[in-house]
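# A closer look at the structure
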Amino acid sequence: MSSHAPFAPAPSVRRARTGEAAALAELSRPFVRSGVLRERPLSLYATHAADFLVIEAPGPALDGCVGLRVHPAAPGESGGPAGVLYNFCVAGHRQGRGVGAGLLRAALAVARARSLGALFTATTGGGGLFLRYGFTPTAAQLAPPSWAASLDPRRDARILSRVL
């Protein structure tokens, strides 16, 4: 008998379905309670489910999610559309197991496939995962204006970006 654990396939990343709004909200809830994520209404998850990439857990739960919203370039602006990563979270029991890295790699691949010029995100934490994947600190003025205007200055978030 082998002492090795059975091989577990790598989790796959897929687009969220509209019917998964409650699961997205549930996954996000602990991060909202801790202040890491802004609270978002269930209707946002339902309306913007197509923004989200998810990793499924066994059963009805999700192990992780990240939203990717595309912002068109402002008139007269060069560089084309940009993306914003938001509501990035990984279930506590799955942190440190590559789930976040898998989601970020998938988001980068989607952004490239959509020919986005850059990706932006805001974090109240250290942003270590983003920094390991080539994101660097940037000024909010360089981000899509509608997204930058929506940021709550009381949260003191760091803005990070990556040119694609």
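Bear in mind the structure is a predicted one, so any value in this text is a computation, not a measurement.

## Remarks on the packing of aromatic side chains
Taken as a whole, this structure holds four aromatic pairs when the rule is applied. On the numbers, 5.7 Å between centres and 45° between planes, the contact of Y45 with F52 is tilted. In terms of burial, Y45 and F52 fall into one category: buried. Measuring from centroid to centroid gives 5.2 Å for F130 and F135, while their planes differ by 70°, and the two rings are edge-to-face. Here F130 and F135 have matching classes, each one buried. Three or more aromatic residues joined by ring pairs form one cluster here, namely Y45, F52 and Y86.

## Concerning the pattern of salt bridges
For the structure shown, the criterion picks out seven salt bridges. Ionic pairing is found between E26 and R29, a salt bridge with its closest N-O pair at 2.1 Å. Of this pair, E26 and R29 both sit in helix α1 (residues 21–33), three residues apart, which is roughly one turn of that helix. Among the residues examined, E26 registers a relative accessible area of 48% and is labelled partly exposed. Judged by its relative accessible area of 35%, R29 is partly exposed. Residues D152 and R154 are paired through a salt bridge, measuring 3.0 Å at the closest nitrogen-oxygen approach.

## Regarding helix α3 (residues 99–113)
When the terminal C-alpha atoms of α3 are compared, their 21 Å separation across 15 residues agrees well with the 21 Å that a helix rising 1.5 Å per residue should span. Most of α3 is tucked away, with 11 of its 15 residues classed as buried. Taken residue by residue, α3 has V99, G100, A101, G102, L103, L104, A106, A107, L108, V110 and A111 as its buried positions. Immediately downstream of α3, the backbone of S115 shows phi near 55°, a positive value.

## What about the nonpolar core?
In this structure, L85, F88, L103, L104, L119 and F135 are the most contacted members of the largest nonpolar core, which totals 22 residues. Secondary-structure elements contributing two or more residues to this core are β2 (52–56), β3 (62–71), β4 (82–90), α3 and α4 (128–132). Setting aside its immediate chain neighbours within four residues, L85 contacts V66, G67, L68, L104, A107, L119, F120, T121, F130 and F135. By size, the runner-up hydrophobic cluster in this structure holds 16 residues, among which are A23, A25, Y86 and A91.

## What about the side chain of E20?
Its location among the elements puts E20 in the loop between β1 (13–15) and α1. Sequence-distant contacts of E20, that is, excluding residues within four places in its chain, are made with R14, R15 and L62.

## Considerations on the pairing of strand β7 (residues 158–163)
As defined by bridge partners, strand β5 (residues 118–123) adjoins β7 across six bridges and the pair is classed as antiparallel. Bridge pairing in β7 places T123 opposite R158. Across two bridges, strand β6 (residues 136–137) lies against β7 in antiparallel orientation. Note on β7: the bridge partner recorded for T136 is S161.

Thresholds, definitions, all that
- Residues numbered from 1 in each chain as written.
- Predicted model: local features only at pLDDT ≥ 70, side-chain atom pairs only at ≥ 80, totals over all residues.
- Heavy atoms only, no water.
- Phe/Tyr/Trp six-rings, centres within 6.5 Å; stacked < 30°, edge-to-face > 60°.
- Buried < 20%, exposed > 50% of the residue type's maximum accessible area, 1.4 Å probe, protein only.
- Salt bridge = Lys/Arg side-chain N within 4 Å of Asp/Glu carboxyl O.
- Helix = DSSP H or I, 4+ residues; strand = E, 2+ residues; numbered from the N terminus.
- Expected span 1.5 Å × (residues − 1).
- Core = buried A, V, L, I, M, F, W, Y, C linked by side-chain atoms within 4.5 Å.
- Contact = heavy atoms within 4.5 Å.
- Pairing = 2+ DSSP bridges.

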